[in-house]
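Understanding the architecture of this molecule
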Amino acid sequence: METLLLPGMHGTGELFASFARHLAPELSPRIVNYPLQRAEGYVDLERGVGLPDGPFAIVAESFSGPIGVRLAARHPERVRGVVLVASFVRSPAPILARLGALLAPLLGGTAPAFALRWSLLGNDATGSKIAETRALLRSVPPHVLGHRLREIVEVDVSAEFAALRAPILFVAGTRDRLARRKVVAGLRILRRDMDVCFLDAPHFVLQRKPVEAAAAISQWLLAKTSPEK
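A brief structural summary. (Residues numbered from 1 in each chain as written. Predicted model: local features only at pLDDT ≥ 70, side-chain atom pairs only at ≥ 80, totals over all residues. Heavy atoms only, no water.)

Here we look at the overall build of the chain
Going by this rule: Helical segments are the DSSP runs of H or I of at least four residues, strand segments are the runs of E of at least two, and each set is numbered from the N terminus. To get the radius of gyration, use the C-alpha atoms; to get the globule rule, take the number of residues to the power 0.38 and multiply by 2.2 Å. Accessible area is worked out with a 1.4 Å probe on protein chains only. A residue is then buried under 20% of its type maximum, exposed over 50%, and partly exposed in between.
A count of helical and extended segments in the chain gives eleven helices and six strands. Taking 229 residues into account, the globule formula puts the C-alpha radius of gyration at 17 Å, and the chain, at 16 Å, falls close to it. For the chain, the spread of C-alpha atoms along the three principal axes comes to 50 × 30 × 30 Å. The proportion of buried residues among the 229 residues of the chain is 51%.

Digging into the packing of aromatic side chains
What counts is decided by this rule: The rule is short: rings of Phe, Tyr and Trp, with Trp giving its six-membered ring, pair when the centres are within 6.5 Å, and they are stacked under 30 degrees, edge-to-face over 60, tilted in between. Here, a charge over a ring is recorded when the distance from Lys NZ or Arg CZ to the ring centre is within 6 Å and its angle to the ring normal is within 35 degrees.
Summed over the entire model, instances satisfying the criterion amount to two aromatic pairs. Look at Tyr42 and Phe63: their rings are 4.6 Å apart centre to centre, the planes differ by 15°, and that puts the pair in the stacked class. On the criterion of sequence distance, the pair formed by Tyr42 in helix H2 (residues 42-47) and Phe63 in the loop between strand S3 (56-61) and helix H3 (65-74) is long-range, its members being 21 residues apart. Of the two residues, Tyr42 and Phe63, both sit in the buried class. If you follow Arg181 out to its NZ or CZ, it ends over the ring of Phe198, 4.5 Å from the centre.

What about the pairing of strand S6 (residues 195-199)?
Along a regular strand, successive side chains alternate from one face of the sheet to the other. Here is the rule: Strand pairing requires that DSSP identify at least two bridges connecting the strands. Whether a crossover is right-handed comes down to one check: with the strands pointing away from the viewer, does the path from the first strand over the helix to the second run clockwise; if it does, it is right-handed.
The sheet contact formed by strand S5 (residues 168-173) and S6 spans five bridges and is parallel. Counterpart to Phe170 in the pairing with S6 is Val196. Following the backbone out of S5, through helix H9 (residues 181-190) and into the adjacent parallel S6, one traces a crossover that is right-handed.

Describing helix H6 (residues 127-138)
Rules: Here, expected helix span is obtained from the residue count minus one, scaled by 1.5 Å. Note on contacts: a residue pair is in contact if any heavy atoms of the two residues lie within 4.5 Å.
Relative to the 16 Å expected for twelve residues at 1.5 Å per residue, H6 spans 16 Å between its end C-alpha atoms, a close match to the ideal helical length. Buried residues along H6 sit in contact with helix H5 (113-121) and helix H7 (142-154).

Notes on the environment of Val43
By the element assignment, Val43 lies in helix H2. Remark: the alpha-carbon pair of Val43 and Ser139, spanning 96 residues in sequence, is separated by 23 Å.

A closer look at the packing of H5 against H6
Formally: Angular values range over 0 to 180 degrees, each being the angle between N-to-C directions of two axes fitted as lines to C-alpha atoms, with helices fitted over their stretch in contact. These descriptions rest on fixed angle ranges, namely under 35 degrees for roughly parallel, over 145 for roughly antiparallel, 65 to 115 for roughly perpendicular, and the rest for oblique. Side-chain classes are defined by residue name, with Ala, Val, Leu, Ile, Met, Phe, Trp, Tyr, Cys and Pro counting as nonpolar, Asp, Glu, Lys and Arg as charged, and the others, Gly among them, as polar.
For the pair H5 and H6, interaxial distance at closest approach is 10 Å and the crossing angle is 85°. Relative to H6, the element H5 is oriented roughly perpendicular. For the pair H5 and H6, the contacting residues are Ala113, Leu116, Arg117, Leu120 and Leu121 in the first and Gly127, Lys129, Ile130, Thr133, Arg134 and Leu137 in the second. Taken together, the residues that form the contact of H5 with H6 break down as six nonpolar, two polar and three charged.

Some remarks on the environment of Pro112
Along the polypeptide, Pro112 turns up in the loop between helix H4 (94-107) and H5. With 103 residues separating them along the chain, Pro112 and Met9 place their C-alpha atoms 18 Å apart.

Thoughts on the pairing of strand S1 (residues 2-6)
Within S1, four of the five residues are buried, which leaves the element mostly enclosed by the surrounding structure. Two strands pair when backbone bridges link them, and S1 and strand S2 (residues 29-31) are joined in this way by three bridges, in the parallel orientation. In the sheet register, Leu4 faces S2, and the bridge partner there is Arg30. Of the crossover connections in this fold, the one passing from S1 over helix H1 (residues 17-22) to the parallel S2 is right-handed.

See the structure below:
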């Protein structure tokens with residue numbers, strides 16, 4: 001079974017490299033990349049995702065949560081499991097998203113280290129992690145980042161999420177300042193059967209804890225997609 005890996009707001013699959021290597025080989029990870037130069041919204045990005053021919057699972061990181069939910073809603077007979085990582089189904093922090101949309105054209109890949117540590121990487125992030133993240137952000141035009149932030153402000157796929165037929169796992173970072181615990185609590189109200197895995201990580205859960213996250217997600221997906229299920 002193939003597993004689609006949908007990236008965060010940067011839209012590239014580069015940051016999945018370590019996580020994908022540690023994912024169970026039976027899950028056949030397929031990394032999705034979004035267009036770097038075009039400011040496309042959620043609807044267009046979803047339409048651009050190439051789907052496997054047979055049954056598949058979805059791992060949607062941060063920004064891509066709504067895309068993962070919509071794909072699962074459109075293909076209920078084929079999606080075997082949905083994993084949301086530090087994500088949301090409606091804007092988790094509208095004020096921050098609006099502010100970020102205004103600042104993105106100004107900061108781009110030059111965001112100060114303290115801002116990257118606070119928002120994405122955690123206070124213990126090394127200089128090399130900061131440099132890697134800056135380089136990644138620099139590869140995405142500021143107007144594209146700004147457009148994606150504005151999309152977060154408006155998105156709401158709560159109804160689709162509540163109606164999903166596939167089992168759902170939420171992987172949360174205990175030190176995440178963007179997708180906080182109240183986001184998890186809100187999703188649990190919509191889907192009380194949702195499983196939750198907490199890892200000691202900031203918002204970049206898969207990048208800071210790739211081995212632990214891959215192990216937890218692999219175990220859950222394989223259990224949910226076993227022949228007995």
